[in-house]
Amino acid sequence: MSHDDVRRALAKKGFKLDDPLPHDCPKWGEHALEVWVLRGKGGGRDIDVCGACGTARSWRVRPLQDREEDTAFDLRSFVGL
């Protein structure tokens, strides 16, 4: 699974890049982390994906609540690759 495949799959699901500039990856230590977001009336989801090491983390966002990390998140199954 290449990073371009992940980007296409997230865009197909309606996610948008939150910031066009990559952020520092805590694991890799370089500017390779992309932040993808999806928002709706019932909340949304934030996904951080590193283009260098492939690490992915996800948070659920609910109205009037703080973000909650989805510790069981699996990027491959989420995007269907």
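Data block above holds the structure.
What comes next concerns the included structure. What you see as residue numbers is a count from 1 along each chain, following the sequence as written. Only residues with pLDDT of 70 or above have their local features reported here, since the model is predicted, and side-chain atom pairs are shown and tallied only from 80 upward, although totals for entire chains, interfaces and linings are computed over all residues. To get the side-chain values, all heavy atoms of the structure are used, and hydrogens and water are removed first.

Residue placement: W28 occurs in the loop between β2 (23-24) and β3 (31-40). Note on exposure labels: buried denotes an accessible area under 20% of the residue type's maximum, exposed denotes more than 50%, and partly exposed covers the range between, all computed with a 1.4 Å probe on protein chains only. Exposure remark for W28: the relative accessible area of 45% places this residue in the partly exposed category. Distance in space between the C-alpha atoms of W28 and A52 is 7.2 Å, their sequence separation being 24 residues. In this description, contact between two residues means that some pair of their heavy atoms is separated by no more than 4.5 Å. Excluding its chain neighbours within four sequence positions, the residues that come into contact with W28 are C50, A52 and C53. Contacts described as polar in this section are N or O atom pairs within 3.5 Å, which, within protein, must combine one atom able to donate a hydrogen with one able to accept it, while residues neighboring in sequence count only if both atoms come from side chains. Only 3.5 Å separates the side chain of W28 from the side chain of E30, close enough to count as a polar contact. We count a stretch as a helix when DSSP gives it H or I for four or more residues in a row; a strand needs E for two or more, and each element gets its number in order from the N terminus.

Any pair of Phe, Tyr and Trp rings, taking the six-membered ring for Trp, is counted once the centres come within 6.5 Å. Such a pair is stacked with planes under 30 degrees apart, edge-to-face with planes over 60 apart, and tilted for the rest. Scanning the model with the defined rule gives two aromatic pairs in all. Here F15 and F78 contribute two aromatic rings whose centre-to-centre distance is 5.9 Å and whose plane-to-plane angle is 75 degrees, an arrangement assigned as edge-to-face. Of this pair, F15 sits in the loop between α1 (3-12) and β1 (16-17) while F78 sits in helix α2 (residues 75-79), and the two are 63 residues apart along the sequence. Overall, the relative accessible area of 4% leaves F15 in the buried class.

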